[in-house]
Structure formats: structure tokens, C-alpha cells
Amino acid sequence: MAVFILKRLGLALLVALTVSFISFSLLFMAGDPAVAIAGENASAEDIALVNERYGFDRPMIVQYGDWLGSAVTGDLGDSWYFDIPVTELIADRLTVTMKLGLFAITLALAVAIPLGVAAAANPNSLIDRFALFLSVVGQAIPSFWFGLILIVIFSIKLRLLPASGNETWQNFVLPTVVLGYYATPAIMRLTRAGMMEVLSSDYIRTARAKGLRTRKVMFKHALRNAIIPVVSLAAVQMGFMLGGSIVVETVFALHGAGYLAWESIARNDLPTMQALILIFSTFYILFTFLADVLNAWLDPRLRVG
């Protein structure tokens, strides 16, 4: 188990380092950061002063090394637009995004697992067809369009829920539904497939032959084994949600890290953009790593290799 964890940890660190270098390179290739700071109408002398002050005239690999060294110590630089430390700026916004992600994954699991179990227990039934229909529709609908439809219905027409802001729990209801629905189809399909495979196994038939109740067979024996890959997928989906919250938070003007990413892109705030890419990718890598470790703990066969 220790060897498995060390291998996965080394791979996670390598992926994080690669993502940080690629994101740093692409952001600087997108334009001249000195012009972004000085302004499009700045003179050549002003641009030269900005290059000298921020070190943009040095080789990019040297700039990356300095940035990475500071990032490891928790110093992600200062925001060009807000003129405050990036860590302080993101810390204020990240709590909102984490809340939204936890609410969304909880909703997705609460809907997807029971629906997947019911669909597997009744193949080709009405509930099975409804689950598959919900899965297809969930992957076909863009999250921004779904969010706008909910705003029109529940905020404008019915006036039941606020369309923007993050002051109360009510502000999180519609964004949670949109982001949770994004993860529901994959979790539901995997639960259904896992349950159908387990229900056709010999030990389930033996349990039924012994006269055990259907509920006990389904939840104590079948679901216990079918849930292993679902837990892993849920951890990965949580990482996806934090990155995918950019669109949802923008639609609902939810002032979290996702909305901050949109603001940074619109204002050419490169230090904040770099920090957010690093944080979102780190969360995804961390949740993937935890999913691998949890899978290995639940199923020792996965430790091989």
C-alpha cells in the first residue's frame, strides 16, 4: 500500500509541475504582459519601465523558476487589477466555490445513486428508461443554458429564488442544481452498470436462494461492491466541479473563485489567472490522487502496478 501511494504521489506531483509550466507559458504567449499593465496607449519608455520592474525582460524559464519558487512558499504575487496579494484575493473567493462544490456533489450523489440502483433492479422498465433519458439530457444541455432557464422560471416568473449573489443559502440553490446536474449522469450510469454486473454474480444468486430479503441483498451485498468505482468517480467529479464552476458562477454572479477567474480573464490580470489555474488543477490532481488511494484501500487488486 505504501509503494502504491508513493507512486501515485510522485505522478501527481509531476502532473502538477507540468500543468503549472504549460499554463505559465500559454498565459505569457497570449500577449505582452508589460502592455497589459502599462496600457495600450503607453509609450515605449513606459513599457520598458514595466518590463524592468516586473522582470519581463528576462528569459521565460527564469521567470517561471522565480514564480514557482514563490508559489511553493505561498506567495502568488500581487493582482494587477485589484492591487492586493493574490492569495488574499483568492482566499476570500475560494470558500464560496468550495461550498458550491460540496452542495453540488452531495445533490448529485443523492439523486444518482438511488436512481442508478432502481434502474439496475428494474432493467428496461419505466424507471430505467427515465434514468437513461435523464442521463442523455443531462449531458446534452449546456450548463449556462440550463442556468438561464432556471433563472427565468424560478427568479423572474415565480420569484422564489434569487438570481445572483451569495448572501444567503437561497443564493446557492439554483447554482447547486445546475452544477450537480452536470455530475449526475456519469455517476448514475456507473452505479447502474456496476449494480447490474454485481446482481448477475453467483454470490447474489446464492443470497437470494437462501431467502434473504430483496432490500438486504440490494443494499448490504450488491451496492457495497458496486459503490467502489462510484466513490472514485465522485472524487474526480468534485475536482471537475471546482474548475467547471467558472461558467455557473458567472451565470449566477456568484462571487467565488470561478467568477474571479472570469474577471481576471476580462481584465488581463495574469498573476490571478495563473494562481487560479494552479489551484484548480491542484484540486483536480488532489481529488484524483485521493480517489486512487481510496480505490486501492477498498479493492486491493488495484494496487498491482
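First, a word on scope: everything that follows refers to the structure included in this document. The shown structure was predicted, so the numbers you read here are calculated from the model rather than taken from an experiment.

Once that is clear, we can look at the overall build of the protein chain. Broken down by element type, the protein chain carries 12 helices and 0 strands. When the helices and strands of the protein chain are read in sequence order from the N terminus, they spell out α-α-α-α-α-α-α-α-α-α-α-α. When each of the 305 residues of the protein chain is scored for burial, the buried share is 41%. For the protein chain, long-range pairs separated by at least 24 residues make up 72% of all intrachain contacts whose partners lie at least 6 apart in sequence. When the accessible surface of the protein chain is split by element, carbon and sulfur atoms take 65% of a total near 16,500 Å².

A few words on the packing of helix α7 (residues 143-157) against helix α8 (residues 173-199). Direction vectors running N to C along α7 and α8 enclose 145 degrees, while the axes themselves pass 10 Å from each other. Here α7 runs over α8; the crossing is right-handed. Judged by residue contacts, Ser143, Phe146, Gly147, Leu150, Ile151, Phe154 and Ser155 of α7 engage Leu174, Val177, Val178 and Tyr181 from α8. For the contact of α7 with α8, the residue count by class is 8 nonpolar, 3 polar and no charged.

Time to look at the pattern of salt bridges. Going through the model one piece at a time under the given rule, you end up with 3 salt bridges. The shortest N-O distance in the salt bridge between Arg93 and Glu263 comes to 3.1 Å. Separated by 170 residues along the polypeptide, Arg93 in helix α5 (residues 86-121) and Glu263 in helix α11 (residues 257-266) bring together distant segments of the chain. The pair Arg93 / Glu263 is uniform in exposure class, with both members buried.

Under the definition given, this model contains 7 aromatic pairs. When the ring of Phe21 is compared with that of Tyr64, the centres are 5.1 Å apart and the planes differ by 80 degrees; the resulting orientation is edge-to-face. Taken together, the residues span a long stretch of sequence, with Phe21 in helix α1 (residues 2-29) and Tyr64 in helix α4 (residues 60-72) at a distance of 43 residues. Given a relative accessible area of 8%, Tyr64 falls into the buried group. Between the aromatic rings of Phe283 and Phe287, the centroid separation amounts to 6.3 Å while the plane-to-plane angle is 20 degrees, which identifies the pairing as stacked. One end of the pair, Phe283, and the other, Phe287, are both in helix α12 (residues 270-298), 4 residues apart, so they sit about a helical turn from each other. Three or more aromatic residues joined by ring pairs form one cluster here, namely Phe21, Tyr64 and Trp67.

So, about the nonpolar core. Within the largest apolar cluster, 58 residues are counted, with the highest numbers of intra-cluster contacts made by Ile90, Ile187, Met195, Met241 and Leu276. Looking at this core, the elements that each hand over two or more residues are α4, α5, α7, α8, α10 (214-251), α11 and α12. Not counting residues up to four positions away in its chain, the partners in contact with Ile90 are Leu260, Ala275, Leu276 and Ile279.

Within the element layout of this structure, Arg192 appears in helix α8. When neighbours within four sequence positions are excluded, Arg192 is seen to be in contact with Gly116, Ala119, Ala120, Asp128 and Leu132.

The next thing to look at is α4. Under the 1.5 Å per step criterion, the end-to-end length of α4 is 18 Å for 13 residues, consistent within 8% with the ideal 18 Å. For α4, the complete set of buried residues consists of Gln63, Tyr64, Trp67 and Ala71. The buried residues of α4 occupy an angular sector of 100 degrees when the element is viewed end-on, so they sit on one face. Turned more than 90 degrees from where α4 packs its buried face, Ile61 and Val72 sit exposed.

Let us now look at the environment of Ile5. One can find Ile5 in helix α1. For the pair formed by Ile5 and Phe289, sequence separation is 284 residues and the distance between their alpha carbons is 8.6 Å. Those residues in contact with Ile5 that sit more than four places away from it in its chain are Phe289 and Val293.

Topologically, His255 is positioned in the loop between α10 and α11. The class for His255 is partly exposed, based on a relative accessible area of 35%. Taking the C-alpha atoms as reference points, His255 and Arg93, separated by 162 residues in sequence, lie 6.4 Å from one another. When neighbours within four sequence positions are excluded, His255 is seen to be in contact with Arg93, Val96 and Asn166.

Definitions and cut-offs
Residues numbered from 1 in each chain as written. Predicted model: local features only at pLDDT ≥ 70, side-chain atom pairs only at ≥ 80, totals over all residues. Heavy atoms only, no water. Helix = DSSP H or I, 4+ residues; strand = E, 2+ residues; numbered from the N terminus. Buried < 20%, exposed > 50% of the residue type's maximum accessible area, 1.4 Å probe, protein only. Contact = heavy atoms within 4.5 Å. Areas by Shrake-Rupley, 256 points an atom, 1.4 Å probe, with all protein chains shown as cover. Axes fitted to C-alpha atoms, helices over the stretch in contact; angles between N-to-C directions. Left-handed = near helix turned anticlockwise from the far one by under 90°. Nonpolar A, V, L, I, M, F, W, Y, C, P; charged D, E, K, R; others polar. Salt bridge = Lys/Arg side-chain N within 4 Å of Asp/Glu carboxyl O. Phe/Tyr/Trp six-rings, centres within 6.5 Å; stacked < 30°, edge-to-face > 60°. Core = buried A, V, L, I, M, F, W, Y, C linked by side-chain atoms within 4.5 Å. Expected span 1.5 Å × (residues − 1). Arc of directions from axis to C-beta.

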